[in-house]
Amino acid sequence: MWIMVVYVAIVFVCESIVIAIGLALDRLYPPASLPISLSLFFAVLWLGWVLSVRLTEPKHVAATGLQSKTEKRAM
């Protein structure tokens, strides 16, 4: 659940920035506004997920790396 809260917060902030960039591009160079805005939109969705996974990763896994299969079975 916590990962989704972090993801939505990251996407909300970043998409607000993308909207501002799209509106500025629409005034400066309208033909480039749509392709750049759509590219940034999908990039934010992907990067937001990557960031939220990294931010919500358990601390013990981040410090020691991935656990081996035998360590997982022992738990």
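See the structure printed just above.
Notes on the structure follow. (Residues numbered from 1 in each chain as written. Predicted model: local features only at pLDDT ≥ 70, side-chain atom pairs only at ≥ 80, totals over all residues. Heavy atoms only, no water.)

1. Overview of the environment of I21
Part 1 of the argument: Summarising the element assignment, I21 is placed in helix α1 (residues 2-28).
Part 2 of the argument: I21 sits in the partly exposed class, given a relative accessible area of 35%.
Part 3 of the argument: When the C-alpha positions of I21 and I36 are compared, they lie 8.9 Å apart, and in sequence the two are 15 residues distant. (Helix = DSSP H or I, 4+ residues; strand = E, 2+ residues; numbered from the N terminus. Buried < 20%, exposed > 50% of the residue type's maximum accessible area, 1.4 Å probe, protein only.)

2. Details of the side chain of E15
Part 1 of the argument: You can see E15 is positioned in helix α1.
Part 2 of the argument: Filtering out sequence-adjacent residues up to four positions away, E15 remains in contact with F41, V44 and L45. (Contact = heavy atoms within 4.5 Å.)

3. Some remarks on the environment of E15
Part 1 of the argument: When its relative accessible area of 11% is taken as the criterion, E15 is described as buried.
Part 2 of the argument: With 30 residues separating them along the chain, E15 and L45 place their C-alpha atoms 8.7 Å apart.

4. A look at the packing of aromatic side chains
Part 1 of the argument: One pass over the full model with this rule turns up 2 aromatic pairs.
Part 2 of the argument: Seen in terms of ring centroids, Y7 and W49 are 5.5 Å apart; in terms of plane orientation they differ by 75 degrees. Their pairing is edge-to-face. You can see Y7 sitting in helix α1 and its partner W49 sitting in helix α2 (residues 30-55), a full 42 residues away along the chain.
Part 3 of the argument: Taking the relative accessible area as the measure of exposure, W49 reaches 38% and is therefore partly exposed.
Part 4 of the argument: When the ring of F41 is compared with that of F42, the centres are 5.0 Å apart and the planes differ by 80 degrees; the resulting orientation is edge-to-face. (Phe/Tyr/Trp six-rings, centres within 6.5 Å; stacked < 30°, edge-to-face > 60°.)

5. Details of α2
Part 1 of the argument: The first and last C-alpha atoms of α2 sit 36 Å apart over 26 residues, in line with the 38 Å expected at 1.5 Å per residue.
Part 2 of the argument: Those residues of α2 lying buried are A32, S33, S37, V44, G48 and S52.
Part 3 of the argument: In this fold, the buried residues of α2 make contact with α1. (Expected span 1.5 Å × (residues − 1).)

6. Some details on the environment of C14
Part 1 of the argument: Tracing the sequence through the fold places C14 in helix α1.
Part 2 of the argument: Of the residues examined, C14 reaches a relative accessible area of 28% and is grouped as partly exposed.
Part 3 of the argument: C14 sits 27 residues away from F41 along the chain, and the two C-alpha atoms are 8.8 Å apart.

7. Let's talk about α1
Part 1 of the argument: With 27 residues, α1 should cover 39 Å at 1.5 Å per step; its first-to-last C-alpha distance of 39 Å lies within 8% of that length.
Part 2 of the argument: For α1, the set of buried residues is V6, Y7, I10, V11, E15, V18, G22 and L25.
Part 3 of the argument: Along its buried surface, α1 packs onto α2.

In short, the description is geometric, and any link to function would need to be established separately.
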